[in-house]
Amino acid sequence: MTAKSHILRNNTSNPTHSENPPHNTANRKRYLFIDIAKGIAIILVVIGHFYPDSSPFYYECIHRIIYTFHMPLFMMASGFLYIATRHEVSYLSFVRKKTLRLMIPYIATSIIILTIKLLTQGQMTVDHPVDLHSFIECLYLPVAGYFLWFLWALWIMFLIVYNFTTRSSRILLAVIALAIYLCPIQFPSIFCLEQFRRMFIYFMGGIIFYDWKHYFSSLSINTFGCIITILFLFGEMAYIALGFNRYLEIILPWLGIATTLFVGMLIQKNTHSLIYRSIIRISSYSFFIYLFHTTFMGPAKGILMKLPFFINSSEISFLILAISIVTMGIIAPILTDRYLIRKSSVLSFIFGQKPIR
């Protein structure tokens, strides 16, 4: 790949400039660096959800860095892939599809997690204990697990963005999303509207990136990527040293997103590498990993942290503990999805997956 390489894989040499370019899922292009970025994002989500009180300083720094950009990265990838695969269906059909894909799994996952917590919170330590009333609360708040806000927010974004069918209208929506993000008024927590307010701009960022991708095709990716990565590292060092301020809060997510995309482009160059194959596989299971990583990490943490080797942890033992639990949070959902969920058409429907035929 030359320095003056195309920023998007399989980008056409004469891109369309029409207001409403056609989208065809049957012939959709695969933007592998976006898939890689999504795989990196889900790995960061799993790492970010393991944060015991005994965490050493270096892990605290890693945790803080992850939380500056990992969910904006997820939202950007979701927006990009939505518009890259968009095709014409009725609004009711679209709402039905997204409800089946997002909200049915949300309800099912909430019920499972709440049930497990109710059955185990008397025998082991459970983060955020629940009661029977939680089964009602989960219909409007992510009480089963705060991380489930993502599904509510993403569902609302889809319902809105469907109605903006041209590039110019989507630019207007991106401006609205920016205004909402900068709005000093906090939205209600019900239906995760506050999380929607803070994340919609990143979803729209992915859409705008796709819509205007041809303008990025002449960039020198290696030079631009290195500059962005250096700025990101300096920004994160400033954050660790000085703490968050409004400027870093605005800038760091975008620098983190751009850096991850650059890393994705580098990984994409060697499709035969173990890193590429592993991240692409993880990316393909990212939805189910997101839903159930904490379900598997919780028992693993409860068991391993009672072992003598981990009770008075050194930095080495903590690292082993972290790798073990994070690995469990990734591998166990993949195996469950592949060998249980997708083998059943009923379970596939409940969890928004496509069954393996």
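Being a predicted model, the structure only gives us computed values, none of them experimental.

Q: Honestly, the packing of aromatic side chains in this entry has me stumped. Any pointers?
A: Where two aromatic rings form a pair, the distance of their centres and the angle of their planes describe that pair. Per the stated rule, a full pass over the model turns up 33 aromatic pairs. Where Trp152 meets Trp155, the ring centres are 6.0 Å apart and the plane angle is 75 degrees; that geometry is what we call edge-to-face. With a gap of three residues between them, Trp152 and Trp155 both fall in helix α6 (residues 149–161), about one helical turn apart. With relative accessibility at 19%, the residue Trp155 sits in the buried group. Between the aromatic rings of Phe292 and Phe351, the centroid separation amounts to 5.4 Å while the plane-to-plane angle is 70 degrees, which identifies the pairing as edge-to-face. You can see Phe292 sitting in helix α12 (residues 286–304) and its partner Phe351 sitting in the segment after α15 (345–350), a full 59 residues away along the chain. A residue is classified by how much of its surface remains accessible, and Phe292, at 5% relative accessible area, is buried.

Q: Would you take a moment to explain the packing of helix α1 (residues 32–48) against helix α3 (residues 70–84) for this structure?
A: For any two helices packed against each other, one specifies the crossing angle of their axes together with the interaxial distance. As a packed pair, α1 and α3 sit with axes 9 Å apart at the nearest point and diverge in direction by 150 degrees. Considered as vectors, α1 and α3 are oriented roughly antiparallel to each other. Judged by the sense of rotation from one axis to the other, the crossing of α1 with α3 is left-handed. Here α1 contributes Ile34, Asp35, Ala37, Lys38, Ala41, Ile42, Leu44 and Val45 to the contact with α3, which in turn contributes His70, Met71, Leu73, Phe74, Met76, Ala77, Phe80 and Leu81.

Q: Can you help me understand unusual backbone geometry in this one?
A: As a rule of thumb, non-glycine residues mostly have phi less than zero, and peptide bonds are mostly trans rather than cis. In the Ramachandran plot, Phe191 falls in the positive-phi region, its phi being about 60 degrees despite a non-glycine side chain. Locating Phe191 in the fold gives a position in the loop between α7 (167–182) and α8 (193–211). If you check the backbone angles, Cys192 has positive phi at about 60 degrees while not being a glycine. Within the secondary structure layout, Cys192 lies in the loop between α7 and α8. Relative accessible area serves as the criterion here: at 0%, Cys192 is assigned to the buried category.

Q: Just to check I follow, could you spell out the packing of α3 against α8 for this structure?
A: Where α3 meets α8, the axes come as close as 7 Å, and the angle between the chain directions of the two elements is 45 degrees. What the angle tells us is that α3 and α8 run oblique. Between α3 and α8 lies a crossing of right-handed hand. Packed against α3, whose contacting residues are Met71, Pro72, Met75, Met76, Ser78, Gly79, Phe80, Tyr82, Ile83 and Ala84, the element α8 presents Met199, Tyr202, Phe203, Gly205, Gly206, Ile207, Phe209, Tyr210 and Asp211 at the interface. Counted by class, the contact of α3 with α8 contains 14 nonpolar, four polar and one charged residues.

Q: What should I look at first to understand the pattern of salt bridges in this one?
A: When charged atoms on two side chains of opposite charge get close, those side chains can pair. For the structure shown, the criterion picks out six salt bridges. The salt bridge involving Asp211 is made with Arg170; its shortest N-O contact spans 2.7 Å. Pair noted here: Asp211 is in helix α8 and Arg170 is in helix α7, with a separation of 41 residues, a long-range link. For Asp211, a relative accessible area of 1% corresponds to the buried category. Taking the relative accessible area as the measure of exposure, Arg170 reaches 0% and is therefore buried. The structure contains a network of salt bridges with shared partners spanning Glu194, Arg197 and Arg198.

Q: What is the right way to look at the environment of Gly298 in this model?
A: Structurally, the position occupied by Gly298 is in helix α12. Each C-alpha atom, one on Gly298 and one on Gly329, is 8.9 Å from the other, the two residues being 31 residues apart in sequence.

Q: What am I meant to see in the side chain of Gln195 here?
A: Checked against the element boundaries, Gln195 lands in helix α8. Engagement of the side chain of Gln195 in a polar contact is seen with the side chain of Tyr146, the distance being 3.2 Å.

Q: So what exactly am I meant to see when it comes to a nonpolar patch on the surface here?
A: There is a patch of nonpolar side chains on the surface, built from Ile230, Leu233, Phe234 and Met237 and spanning about 420 Å² of accessible area. When you line up the elements, Ile230 lands in helix α9 (residues 221–242).

Q: What is the right way to read the environment of Ala300 from this model?
A: Here Ala300 shows up in helix α12. The exposure class of Ala300 is buried, given its relative accessible area of 12%. Through-space distance from the C-alpha of Ala300 to that of Gly329 is 8.9 Å; in sequence the pair is 29 residues apart. Non-local contacts of Ala300, meaning those with residues more than four positions away in its chain, are made with Ile325 and Met328.

Q: Would you take a moment to explain the confidence of the model for the protein chain for this structure?
A: Regions with low pLDDT carry predicted coordinates that are not meant to be interpreted in detail. Overall, the predicted model of the protein chain reaches an average pLDDT of 87, with 88% of residues at or above 70. Within the model, the stretch residues 1–29 combines pLDDT values under 50 with 61 contacts to residues more than four positions away or in other chains.

Q: Just checking my understanding: could you explain helix α11 (residues 274–284) for this structure?
A: Taken together, the buried positions of α11 are Tyr276, Ile279, Ile282 and Ser283. Buried residues of α11 fall within an arc of 135 degrees about the axis and therefore sit on the same side. Contacts from the buried residues of α11 go to α1, α10 (246–268), α12 and α14 (315–339).

Reading the values: rules and limits
- Residues numbered from 1 in each chain as written.
- Predicted model: local features only at pLDDT ≥ 70, side-chain atom pairs only at ≥ 80, totals over all residues.
- Heavy atoms only, no water.
- Phe/Tyr/Trp six-rings, centres within 6.5 Å; stacked < 30°, edge-to-face > 60°.
- Helix = DSSP H or I, 4+ residues; strand = E, 2+ residues; numbered from the N terminus.
- Buried < 20%, exposed > 50% of the residue type's maximum accessible area, 1.4 Å probe, protein only.
- Axes fitted to C-alpha atoms, helices over the stretch in contact; angles between N-to-C directions.
- Parallel < 35°, antiparallel > 145°, perpendicular 65-115°, else oblique.
- Left-handed = near helix turned anticlockwise from the far one by under 90°.
- Contact = heavy atoms within 4.5 Å.
- Nonpolar A, V, L, I, M, F, W, Y, C, P; charged D, E, K, R; others polar.
- Salt bridge = Lys/Arg side-chain N within 4 Å of Asp/Glu carboxyl O.
- Polar contact = N/O pair within 3.5 Å; in protein donor to acceptor, adjacent residues only side chain to side chain.
- Patch = residues over 30% accessible without salt bridge, like charges linked within 9 Å, V, L, I, M, F, W, Y side chains within 5 Å.
- Areas by Shrake-Rupley, 256 points an atom, 1.4 Å probe, with all protein chains shown as cover.
- pLDDT = per-residue confidence, 0-100.
- Arc of directions from axis to C-beta.

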